[in-house]
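Inside the fold
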Amino acid sequence: DIVLTQSPATLSVTPGESVSLSCRASQGISTSIHWYQQKSNESPRLLIKFASQSISGIPSRFSGSGSGTDFTLSINRVESEDFSVYYCQQSYSLPFTFGSGTKLEIK
Amino acid sequence: EVQLVESGGGLVQPGRSLKLSCAASGFTFSNYGMHWIRQAPTKGLEWVASISPSGGSTYYRDSVKGRFTISRDNAKSTLYLQMDSLRSEDTATYYCATDLFAYWGQGTLVTVSS
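None of these values were measured; they are calculated from a predicted model.

**Notes on the state of the cysteines**
Residues and elements named next belong to chain A. Taken as a whole and judged by the stated rule, the model has two disulfides over all chains. The disulfide bridge from C23 ends at C88, spanning 2.1 Å between sulfur atoms. Between C23 and C88, the disulfide has an S-S torsion of 75 degrees and is therefore right-handed. Of the two residues, C23 is situated in strand β3 (residues 19-25) and C88 in strand β9 (residues 85-90); the sequence distance between them amounts to 65 residues. Taking relative accessible area as the criterion, C23 reaches 0% and is therefore assigned buried.

**Some thoughts on the pairing of strand β11 (residues 102-106) of chain A**
Residue and element names in this part refer to chain A. Where strand β2 (residues 10-13) meets β11, four bridges bridge the pair, whose relative direction is parallel. Looking across to β11, one finds that S12 is bridged to E105. Of the pairings in the sheet, the one linking β9 to β11 comprises two bridges and is antiparallel in character. If you follow Y86 over to β11, its bridge partner there is T102.

**A look at the environment of T69(A)**
Residue and element names in this part refer to chain A. Considering the arrangement of structural elements, one finds T69 in the loop between β7 (62-67) and β8 (70-75). As for T69 and Q27, which are separated by 42 residues in sequence, their C-alpha atoms are 6.1 Å apart. Setting aside its immediate chain neighbours within four residues, T69 contacts C23, R24, A25, Q27 and G28.

**Things to note about the sheet that holds strand β5 (residues 45-51) of chain B**
All names here are of chain B. Pairing is mixed in the open sheet, where six strands are placed in the order β2-β10-β9-β4-β5-β6. Edge positions in the open sheet fall to β2 (10-12) and β6 (58-60), since each of these has one partner strand only. When strand polarity is set aside, the average angle formed by the axes of neighbouring strands in this sheet is 25 degrees. As paired elements, β5 and β6 share three bridges and run antiparallel to each other. Pairing of I51 across the sheet is with T58, part of β6.

**Some points on the side chain of Q39(B)**
Looking at the secondary structure, you find Q39(B) in strand β4 (residues 34-39). Within the structure, Q39(B) has its side chain in polar contact with the backbone oxygen of K43(B) (distance 3.0 Å). Ignoring sequence-local partners within four residues, the contact set of Q39(B) consists of Q38(A), Y87(A), G44(B), L45(B), A92(B), T93(B) and Y95(B).

**Considerations on the interface of chain B and chain A**
Each partner contributes residues to the interface: chain B has 17 residues there, and chain A has 15 residues. For the pairing of chain B and chain A, the buried interface totals around 1300 Å² over both sides, and the portion due to carbon and sulfur atoms is 71%. The interface formed by chain B and chain A includes zero salt bridges. On the surface where chain B and chain A come into contact, there are four residue pairs in polar contact (both at pLDDT 80 or more). Elements supplying a minimum of two residues to the side of chain B that touches chain A: β4 and β5 of chain B.

**Describing the pattern of salt bridges**
A full pass over the atoms with the stated rule returns nine salt bridges over all chains. Taking the shortest distance from any N to any O, the salt bridge between R61(A) and E81(A) comes out at 2.9 Å. In this pair, R61(A) sits in the loop between β6 (53-54) and β7 while E81(A) sits in the loop between β8 and β9, placing the two residues 20 residues apart along the sequence. Judged by its relative accessible area of 42%, E81(A) is partly exposed. Each of R38(B), E46(B), R61(B), R67(B) and D90(B) takes part in a single network of salt bridges with overlapping partners.

**Brief notes about the layout of surface pockets**
Space left empty within the atom packing is revealed by a probe, the size of a water molecule, rolled over the atoms. Approximately 520 Å³ is the volume attributed to the largest pocket. If you go around the largest pocket, you meet 20 residues; those closest to its centre are R45(A), L46(A), A102(B), Y103(B) and W104(B). Mapped onto the lining of the largest pocket, the elements with two or more residues apiece are β5 (45-49) of chain A together with β1 (3-7) of chain B. The residue makeup of the lining of the largest pocket, split by class, is eleven nonpolar, five polar and four charged. Contributing to the lining of the second largest pocket are 21 residues, with Q38(A), K39(A), S40(A), N41(A) and Q39(B) lying nearest its centre. Of all elements in the fold, only β9 and β11 of chain A together with β9 (92-98) of chain B reach the threshold of two or more residues within the lining of the second largest pocket.

Parameters at a glance
- Residues numbered from 1 in each chain as written.
- Chains lettered and ligands numbered in written order.
- Predicted model: local features only at pLDDT ≥ 70, side-chain atom pairs only at ≥ 80, totals over all residues.
- Heavy atoms only, no water.
- Disulfide = S-S within 2.5 Å.
- Helix = DSSP H or I, 4+ residues; strand = E, 2+ residues; numbered from the N terminus.
- Buried < 20%, exposed > 50% of the residue type's maximum accessible area, 1.4 Å probe, protein only.
- Pairing = 2+ DSSP bridges.
- Contact = heavy atoms within 4.5 Å.
- Axes fitted to C-alpha atoms, helices over the stretch in contact; angles between N-to-C directions.
- Polar contact = N/O pair within 3.5 Å; in protein donor to acceptor, adjacent residues only side chain to side chain.
- Buried area = accessible area lost by both parts, 1.4 Å probe.
- Salt bridge = Lys/Arg side-chain N within 4 Å of Asp/Glu carboxyl O.
- 1 Å grid on protein atoms, 1.4 Å probe; cavity = no way out; pocket = protein on both sides within 12 Å on 5 of 7 lines; lining within 4 Å.
- Points joined across faces, edges and corners; volume = space filled by probe spheres on them.
- Nonpolar A, V, L, I, M, F, W, Y, C, P; charged D, E, K, R; others polar.

Encoded structure:
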């Protein structure tokens, strides 16, 4: 199985700061990585597909990059509504796997 | 607007069965693969099973193979998950999702406990 390692586990920031969240795959997965946001007691929401492709309706402050084994989700100028948990997920091979998540919290 | 509505969750004893449903609307259901993903209380996300648009191909994580069955009724735009021989470690909120996990339902909680 492909293991996805997300770091950091928790990120404490002040609204207005820009942040980068990391996801590292245990083997090369091209750009078959996707990012989700999950707010407390809500379903996950797709933010970025295939490493860097934007999703309709998602604010432009969210962007993704990377290929192979190292991927990054960037949030430009974090807003209050962004404080939640972020997961990466690979669709390169079955079983599909998720990272353990990065919790973005208010400093 | 895409809508996915899960139902069928509840409290069940270990070893018993439960069948989840996911009613889809707002898109052509028969054109898309569908998935079940679960999340144990306070834990992360875990893919459970997938099914092709026609239903002819199915895929499962190892821990549920032989116990869970994913199926679909394209005429009713409904996805199912038959869960047999349930274990305490199957306790989770179960979500259905469209291809690429682009859309998710609100989830249904399954609790396996005596």
